[in-house]
Amino acid sequence: MIFINISSGIMIISVASPLSQEMVGLNVAAAASMVGLMGIFNGGGRIGWSSASDYIQRPTVFLIFFSIQIIAILTLPHVTNVILFQILIFSIMTVYGGGFATLPAFIGDIFGTKELGAIHGYILTAWSLAGVVGPIVVSSIHDFTGTYTPAFLVFTLLLVVALFLTVLIRYDIKKIKEEKKDPVYKIAN
């Protein structure tokens, strides 16, 4: 899930300037300003989403993340309005940052804090790999096709997989909580 979240976010970061110039006609200075603002939304997403996850639960936050990303990435290739384009980009940046910031608490919710460091290390490896894969995939597809649209479709499919995994994890967490309430489970453990 985090691999897909991060690769989708970094894919946008890696091509934000040329993407905005090609798709909505921003000039170089305006595109650079947008890229600078993306960092603010990334940081704000880390604070905002991780705080919200304490109240609406981490699985729900990840459902929201992937839903926002699917809608935004599916919509981007069809947007010609500069403001709407930037809103979609900034929305993707908030959930990109939010996914990274919410992850340690989510891991703790699922596995407990005893193995948090080791599991977080494994997941950071997926994050690092996503930082390589996302930009390579988008640039390779763009070089091959001359457009970003097929890359958006590839990442949308990946995000649908991540959304499905989030639903499965949410179900598993609910099932485990119900089992822990069962008196037979308490006696056996």
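To be clear, the structure that these remarks concern was listed above.
Residues numbered from 1 in each chain as written. Predicted model: local features only at pLDDT ≥ 70, side-chain atom pairs only at ≥ 80, totals over all residues. Heavy atoms only, no water.

(A) Here's a closer look at the nonpolar core. Within the largest apolar cluster, 48 residues are counted, with the highest numbers of intra-cluster contacts made by Ile12, Phe85, Ile89 and Phe152. When residues of this core are traced back to their parent elements, those giving at least two are α1 (2-24), α2 (28-56), α3 (58-75), α4 (82-111), α5 (116-145) and α6 (149-181). In this structure Ile89 touches Ile12, Leu19, Met34, Met38 and Leu76, once residues within four positions along its chain are discounted. (Core = buried A, V, L, I, M, F, W, Y, C linked by side-chain atoms within 4.5 Å. Buried < 20%, exposed > 50% of the residue type's maximum accessible area, 1.4 Å probe, protein only. Helix = DSSP H or I, 4+ residues; strand = E, 2+ residues; numbered from the N terminus. Contact = heavy atoms within 4.5 Å.)

(B) Quick peek at the side chain of His120. In this structure, His120 sits in helix α5. With sequence-adjacent residues up to four places away left out, His120 is seen in contact with Leu103, Pro104 and Ile107.

(C) Focus on the packing of α1 against α4. The geometry of α1 relative to α4 is characterised by a closest axis approach of 9 Å and an angle of 155° between their N-to-C directions. Here α1 lies roughly antiparallel to α4, going by the angle between them. In the crossing of α1 with α4, the sense of the turn from one axis to the other is left-handed. For the pair α1 and α4, the contacting residues are Ile2, Asn5, Ile6, Gly9, Ile10, Ile12, Ile13, Leu19, Ser20, Met23 and Val24 in the first and Val82, Phe85, Ile89, Ile92, Met93, Val95, Tyr96, Gly99, Phe100 and Leu103 in the second. (Axes fitted to C-alpha atoms, helices over the stretch in contact; angles between N-to-C directions. Parallel < 35°, antiparallel > 145°, perpendicular 65-115°, else oblique. Left-handed = near helix turned anticlockwise from the far one by under 90°.)

(D) Structural detail: unusual backbone geometry. Even without being glycine, Gln57 reaches a positive phi, approximately 75°. When you line up the elements, Gln57 lands in the loop between α2 and α3.

(E) A look at the packing of aromatic side chains. One pass over the full model with this rule turns up six aromatic pairs. Ring geometry for Phe62 against Phe106: centres 5.0 Å apart, planes inclined by 25°, an arrangement best described as stacked. Of this pair, Phe62 sits in helix α3 while Phe106 sits in helix α4, placing them 44 residues apart in sequence. Considered together, Phe62 and Phe106 belong to a single accessibility category, that of buried residues. Between the aromatic rings of Phe100 and Trp127, the centroid separation amounts to 5.2 Å while the plane-to-plane angle is 35°, which identifies the pairing as tilted. Taken together, the residues span a long stretch of sequence, with Phe100 in helix α4 and Trp127 in helix α5 at a distance of 27 residues. By relative accessible area, Phe100 is classed as partly exposed at 22%. Joined through ring pairs, the aromatic side chains of Trp49, Phe62, Phe65, Phe66 and Phe106 make up one cluster. (Phe/Tyr/Trp six-rings, centres within 6.5 Å; stacked < 30°, edge-to-face > 60°.)

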